[in-house]
Structure formats: structure tokens, C-alpha cells
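Understanding the architecture of this molecule
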Amino acid sequence: MAIKAVTFLIFVYLLVEMPGISAMVPAVIVFGDSTVDPGNNNQISTVLKSNFAPYGRDYFGGQPTGRFSNGRIATDFISEAFGIKPAIPAYLDPKYDIKDFVTGVSFASAGTGYDNATSDVLSVIPFWKEMEYYKEYQSKLRGYLGNDKANQLLSESLHLLSIGTNDFLENYYTFPTRSSQYPVDKYEDFLIGIAGNFIRELYKLGARKVAISGLPPMGCLPLERTTNIMHGSACIEEYNNVAKDFNVKLQSTVDELNRELGGIRIVMPNPYDKLLEMIQNPSLFGFQNAETACCGTGFFEMSYLCDRMNPFTCSDANKYIFWDSFHPTEKTNFIMADHVVKTTLAVFR
Ligand SMILES: *[C@@H]1O[C@H](CO)[C@@H](O)[C@H](O)[C@H]1NC(C)=O
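Residues numbered from 1 in each chain as written. Predicted model: local features only at pLDDT ≥ 70, side-chain atom pairs only at ≥ 80, totals over all residues. Heavy atoms only, no water.

An unreviewed UniProt entry lists the chain under the name GDSL esterase/lipase, with Hibiscus trionum as the source organism. Reading the Sequence similarities (unreviewed entry) entry of the UniProt record for the chain gives the comment "Belongs to the 'GDSL' lipolytic enzyme family." (UniProt positions renumbered as here; feature names shortened; annotations may be inferred.)

As C-alpha cells, then:
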């Protein structure tokens, strides 16, 4: 009887203590663009912001945070699914400090890209600068936890990257600089070279679990469909083909890096097929609208144009795949996160 009681107590002790010290993934550390920016852009001077209504109207407390959605973004749901926390804070948000960042942090900046020329377009945080912030984070973490614990935490944490759409839509297909320098397949290679070097750098800094997202069917974003009005607002096939091509190349780079870097595990969540499936069969997922967005007229509004006074904004965002003309609703973010957690990211759970 006594032994049973002791065994039981040890069991309870383990249940209570385990998550803090030896969860498989103790933190999710995020790099990228608006798909995963929880509000870093609030702290910089750029016109690309979303820390005002109606953004965040379905977030905790109905608060706008700088997330480009009506609610949470995919990385929030991923963190929650890993049993960590329900929302990942922005590194630059003064409300948080290293105590909060121990269990996850995002360095992402809306509007940025792999290419330095992309972050220049809207004066947002360049990708290389996200790496600089990550190094600063590491040194704060060592100060807070001590070297050994910090190193262990870093090697067990999931480093998640979601970036690349803006390099094409905001940069390559909008301005002549890159498109006159590179045919699009060479530009893809240029970006993938940057992605590979970024992962090598993460590895040198101690990361061992990495997920780098492929590109979505970016020709189907409402803003792009709006420009395709001559073709009945269909998805722009050229952009979707670039995304597919990019994803094939990124996957082979991921395979190479897994061979090159001993002890690392890199996976590539690919949002392309799932999101396209949703866009082609919205009702299967409970959506009523896949072509235009909830905010405003749904054709072009985002950031400051997505304004709370806009009388056209929909009342139930759950009926829409897209919240603004460039970003998914919380419901879409949840479905995508749930999908990758159960597939590509399952190796880390
Ligand atoms: C981007 O800019 C940074 C800082 O100037 C520089 O170190 C880096 O090499 C640049 N990246 C590329 C791919 O040119």
C-alpha cells in the first residue's frame, strides 16, 4: 500500500514537473513575415501595421495586437498544440521580457522577405536583422538560465521560418530591379541560397529542430485575384507555378542540409496543397467565401485600409478564408496549423 502511494506520488510529481523541464519542444522560436508576426512592426516606423480595429476583433479580449488577422496566427496554434502557450509574443514588444521568451518568441516582421530589397520596400525588419535579434536573445537567455540550460533549451526548441511570398508579390513582380536582374527561376535560386545560409547559421548557433515553410498558392490571394479582373478574378496561375517550383527546390535544399548538418532535423511544412484545397472547396471546410476577404470590400484592403469604419467589413470572419486581401482568417490559420502539426511537425512531438 505504502509503495503504491509513493509510486503514485512520483507519478504525480512527474506529471507536474515534466512539461517545464523536459517537454519534447520547450519553445517555438519564429522567424519570418506577416504570416507569423505577432506585433514586431508595432515598434518600428513602417506603414505596414495592424494594431488597430478591426484586426484582432476575435483575439483574446478582442484586442488588436499587430497580428494580421482577426484572431490568432498559425504559430500561436502550433505553440498551443505543442502544449506550450496559446500565443507567441513579439520580441520587440516592451510588455514582454526574457522570462516570457523562454517559452517562445517571434522575430518576424510583416512585409519582409529573404531578399534585403524586399524589406526595403516598406522599411520593415530585414531577414538578416531577425538573426541579429536572435543572437541577442541567445545572450539574454544565457544570462537568465545559465549556459548549460540555455544551450539545452535552444537545441530542443523548434525554430520555425515562414517567409518568401513578399519577395515575389511585393518585390519581384512589383518593381523592375530584381526582375531585370534575374529570370524568375534564378530569383528562386537566389532566395533559396539565402534560406540555406540562414539555416546553417541557426545550426552553428545551436538549433537542431527546424521547420521552414514552403510558399502558399500566392496567386490566389484576394489582392492578386483583384488585379486579374480581366480573367474573371481567377487565381494567377503564373504566381502559383512559381510557388510550386520554389517548394520543390526548397524541399531538395532541406534534404541536402539534413545530410550536411549532423544531428539536425529540418522539415518543410508545405501549405500549398491544403490551402488550395480549401480555396477550391470552401464549403467542405465550412467557408462561404474563398475569393474575396472579410475586411472592407474584400478586394484590396489591408493594413490602414482595413479600417473599423469601413461599412463593408463582414460580420462573421469564420465564413471567409481570407481576413484581409493578403492574410487568412483565424479559422484558416487554425486549420493550417492543425494540419502541419499532425503531418510535417509530428516528428517533433
Ligand atoms: C543583406 O544585408 C546585410 C546587411 O547589410 C548583409 O550582411 C547581407 O550580406 C545582405 N544579404 C545579401 C544576400 O545580399
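**Section: the pairing of strand 4 (residues 209-212)**
Residues Lys-209 and Ala-211 line one face of strand 4 and the alternating positions Val-210 and Ile-212 line the opposite face, and both faces are buried. The pairing of strand 4 with strand 5 (residues 265-267) spans three bridges and is classified as parallel. Within strand 5, the position partnered with Ala-211 by the bridge is Val-267. (Buried < 20%, exposed > 50% of the residue type's maximum accessible area, 1.4 Å probe, protein only. Helix = DSSP H or I, 4+ residues; strand = E, 2+ residues; numbered from the N terminus. Pairing = 2+ DSSP bridges.)

**A look at the site of the ligand**
Within the structure, the ligand sits among Asn-116, Trp-128 and Ile-194. Within the side chain of Asn-116, a nitrogen or oxygen atom sits 2.3 Å from an oxygen atom of the ligand. Measuring from an oxygen atom of the ligand, one finds a side-chain N or O atom of Trp-128 at 3.4 Å. For the ligand, whose unbound accessible area comes to 370 Å², protein coverage reaches 37%. (Near = heavy atom within 4 Å. Polar contact = N/O pair within 3.5 Å; in protein donor to acceptor, adjacent residues only side chain to side chain. Areas by Shrake-Rupley, 256 points an atom, 1.4 Å probe, with all protein chains shown as cover.)

**Quick notes on the state of the cysteines**
This structure, assessed with the given rule, holds three disulfides. A sulfur-sulfur distance of 2.1 Å marks the disulfide that ties Cys-294 to Cys-314. Note on the Cys-294 and Cys-314 pair: the S-S dihedral is about -95 degrees, so by sign convention the disulfide is left-handed. With Cys-294 in the loop between helix 12 (272-280) and strand 6 (322-324) and Cys-314 in the loop between helix 12 and strand 6, this residue pair connects regions lying 20 residues apart in the sequence. Grouping residues by exposure puts Cys-294 and Cys-314 together as buried. The disulfide that involves Cys-295 links it to Cys-306, with 2.0 Å between the sulfurs. The S-S bond linking Cys-295 to Cys-306 shows a torsion near 100 degrees; that makes this disulfide right-handed. In this pair, Cys-295 is assigned in the loop between helix 12 and strand 6 and Cys-306 in the loop between helix 12 and strand 6, connecting sequence segments eleven residues apart. Owing to a relative accessible area of 0%, Cys-306 belongs among the buried residues under this scheme. (Disulfide = S-S within 2.5 Å.)

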